Amino acid sequence: MRKNYLCWNFLIVLILLYSGLMIHTSEHGKTASSLNIIPEPASTEVFDGSFTLAETTPVYADCEKSEETAQYFAEELSKRAGLNVEVDTTGSGDDEEGVYLEITDNVDLPHEEGYHLEIEENRVKVRASTQQGLFYGIQSLLQLIDPVEEMGEPQALPSLKITDYPEFDWRGMHLDVCRHFFSTDFIKEMLDLMAMHKMNSFHWHLTEDQGWRIEIEEYPRLTEVGAWRDCIGFELDPADSTHYNEKGEYGGYYSREEIKEIIEYAQSLHINIVPEIEMPGHAMAALTAYPELSCTGGPFEIPLRGGVFDDVFCAGKDETFEFLKNVLSEVIDLFPGKYVHIGGDECPKTRWEECEDCQQRIEEEGLADEDELQSYFIHRIEEFLSEKDKRLIGWDEIKEGGLAPGATVMSWRGKDPGIQAAKDGHDVVMSPTSHCYFDFYQWEAEEPRAIGGLIKLEDVYTFRPAPPEIPEDKRHHILGGQGNIWTEDLPNRDAVTYMALPRMSALSETVWSPEDKRDWEDFSQRLLVHLQRLEARDVDYRVPGGITIEEKEKGKIEMTPELPDSEIYYTVNGTEPGPHSSIYEEPLTFEEPTLVRARVILPDKKMGHVFEHISNRPSYSVDANIHFFAQDVPENIFDGFHETYFQSRWAPNDNAYLTLTFDEPYSAERLLVFSGDERKDWQIKDGIVEVSEDGETFEKLSEFNHGIAVGDLNFDVKALRVSITKDHSDRVIIRELQFEEQVKRR
Ligand code: ACM
Ligand code: ZN
């Protein structure tokens, strides 16, 4: 830690020294990791010397396609660095000074999405066999510039040679736009963020129980009815979103024109869009619009909560297949990609078991049960998609009852369904809830609302799309991996990006970089710079500032930051830690109980949550005859936080008490007991505090005045008791016990 602190000081001195110069001089002998490219390239060599990129630098393109990419580079350079370069389309520029983009078969790369990036003193060369490869070369080149210190300044790029290509073909992100709706601008922003991370597959989850989001010309009610619900639902604040119609209903959908616009935008970023039309389950919005497609005939309402609903598409009625084929025809018409996602997850069989049509289908088709009926359903859709020269992909439940021959499996319930499908010869995209669910919590701390679970940044980083259990000859069936963003708890842009980033950055490396190039510590260092790129894009990401505080030995506090190289700032005087607080370098030892408050501060000054710990906390037991309310347990009254407290469930009577008995007698000068909340509600009006030297006999120490009881101690306290002395008319809160000297102030 100390070493890095010095490094930063050194860097600041360097910046001050050089601030008068126009050109940022690059240090010689840059290491690959100091390039801070994410995802880490397959191979990097850095040499002495540098190339200066300025507004006068010409950018040459060897053909029409590379010219398009050169234009993209010019636009991004203007946005990221404030440099406005000219793209030269007249000559090849092959032997001239400047930046040169070339699409050529004369490259030695194992993957068509790969590229070579060479930087010498007077030229930058990006070469690839495809425009997509060239585009990724440009992404790396842009990251050598981004983040800039100052817009409009010439940029020194280190001399280097990068050869890079992806490990996996499918580098995906999913977004659920149904639980909550997102504007086309935000979809484009997500696509930009994906492109920056060399991700190439956007799984657009367009239909769900809570909303149908794609315009289908033949079935206008899908969006007239199915795109709108009574309110935002999910017990969220209506003000968390702006997506309301004139009737005040919540929702929205993408018109065909908007979808075409998004597809075109994605294509410009070399991202394929995989549209998802959910079936047979998660279909309440469609069934609300067309209840005749259900087993019961409805009527239905669009649900305002998440979960799994019993009403699903009827598998017995031919009208269902007619409808779905017509819908899919329009979808296929819009989306040029090879894959169509048909969902297939979480389909209860309750209605099918009771439905005459479904049971008749089972009989006619000689199916064993409802699982086979689901399999029949998926097979029928798969055949239709095959006829249209498309490939079906679905969540791993599509395996149940037998998998359709050409189907690709998206493994979400862990990696095992994917492993099995690959062994059976099916293509697989790995997206397990163990690593890839970005709607899960990111740390054990006070975090914005999430669906549950816990997937830390480092967990994402350990993701292996092709687990070792897969035999070598089946490994090619693992197409890649994907991060999923379900939006039950994420009503707007900031909520989504906070959950997606930086986990998506970690994921990008697991699907792009070779396994032997993946190194958590190295990634964390690069991430500290990468986060500044996100900051420059005004993206609300989660500060990876988790701290693990341990006291394995009494009085010895060890703190570990989430990112190995980030700085922890701490205080021991109760004040909030900030940039001027002490920097944690080695374990802290305390003779007496001490409140340590700590937080991570990133190089861009973004601060993580404050984590707290009291060292030398005495152990104690609690005995009380007052019922507590919910999470407001008695232990909260002696945890160092006024924010957490004990709250009685009901108004206490005059015989109510709460006793703490310490394992070791507790030595202090004074004892303060605070009652009531911060607004002074629910204070103890009539009560006393008693203390005991032996844990048996108690003597009165103090009584409550204005909600606080204060008394001087003249012996070591083995036990203390808060007693209520008159019936109260309202519940009470005991906020905190504070022994003077309990928190040592330095
Ligand atoms: C899923 O998360 N239900 C695919
Ligand atoms: Zn049915």
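The preceding data block contains the structure.
Keep in mind that this is a model prediction, so the values were computed, not measured.

### Some thoughts on helix α16 (residues 520–536)
With 17 residues, α16 should cover 24 Å at 1.5 Å per step; its first-to-last C-alpha distance of 24 Å lies within 8% of that length. Of all the bends found along α16, the most pronounced is centred on Leu-528 and spans about 35 degrees. For α16, the complete set of buried residues consists of Trp-520, Asp-522, Phe-523, Ser-524, Arg-526, Leu-527, Leu-528, His-530, Leu-531, Arg-533 and Leu-534. Where α16 is buried, its residues meet α3 (131–145), α4 (184–196), α13 (457–461) and α15 (503–512). Regarding α16, its N-cap is Asp-519, as a side-chain oxygen of that residue lies 3.1 Å from the backbone nitrogen of Glu-521 further along. Directly beyond the C-terminal end of α16, a positive phi value near 60 degrees is found at Asp-538.

### Notes on the pattern of salt bridges
The full count for this structure, using the stated rule, is 42 salt bridges. With a closest N to O distance of 2.6 Å, Glu-515 and Arg-464 form a salt bridge. Of this pair, Glu-515 sits in the loop between α15 and α16 while Arg-464 sits in the loop between α13 and β21 (478–485); the two residues are 51 residues apart in sequence, bridging distant segments of the chain. Among the residues examined, Glu-515 registers a relative accessible area of 33% and is labelled partly exposed. Here Arg-679 and Asp-681 are joined by a salt bridge, their closest N and O atoms 3.6 Å apart.

### Points about empty space enclosed by the protein
One water molecule sets the probe size; rolling that probe over the atoms shows where empty space is left. Inspection of the entire model under this criterion finds one cavity of 30 Å³ or more. When its volume is computed, the largest cavity comes out at roughly 50 Å³. Forming the boundary of the largest cavity are Glu-76, Arg-80, Gln-139, Leu-142, Gln-143, Asp-146, Met-196 and Arg-537. For the lining of the largest cavity, the elements supplying multiple residues, two or more each, are α2 (64–81) and α3. Top element by residues in the lining of the largest cavity is α3. It accounts for three residues.

### Quick notes on the sheet that holds strand β31 (residues 657–666)
Strand pairing in a sheet relies on backbone hydrogen bonds, with the paired strands running either antiparallel or parallel. Across the sheet, which stays open at both edges, the five strands sit in the order β29-β31-β36-β33-β34 with antiparallel pairing between neighbours. In this open sheet, the two edge strands, each paired with only one partner strand, are β29 (620–624) and β34 (699–703). Direction aside, neighbouring strands of the sheet carry axes that sit 20 degrees apart on average.

Cut-off values and rules
- Residues numbered from 1 in each chain as written.
- Chains lettered and ligands numbered in written order.
- Predicted model: local features only at pLDDT ≥ 70, side-chain atom pairs only at ≥ 80, totals over all residues.
- Heavy atoms only, no water.
- Helix = DSSP H or I, 4+ residues; strand = E, 2+ residues; numbered from the N terminus.
- Expected span 1.5 Å × (residues − 1).
- Bend = angle between axes of the 7 residues up to and from the residue.
- Buried < 20%, exposed > 50% of the residue type's maximum accessible area, 1.4 Å probe, protein only.
- Contact = heavy atoms within 4.5 Å.
- Polar contact = N/O pair within 3.5 Å; in protein donor to acceptor, adjacent residues only side chain to side chain.
- Salt bridge = Lys/Arg side-chain N within 4 Å of Asp/Glu carboxyl O.
- 1 Å grid on protein atoms, 1.4 Å probe; cavity = no way out; pocket = protein on both sides within 12 Å on 5 of 7 lines; lining within 4 Å.
- Points joined across faces, edges and corners; volume = space filled by probe spheres on them.
- Pairing = 2+ DSSP bridges.
- Axes fitted to C-alpha atoms, helices over the stretch in contact; angles between N-to-C directions.

Everything listed here is a matter of geometry and, on its own, says nothing about what the molecule does.
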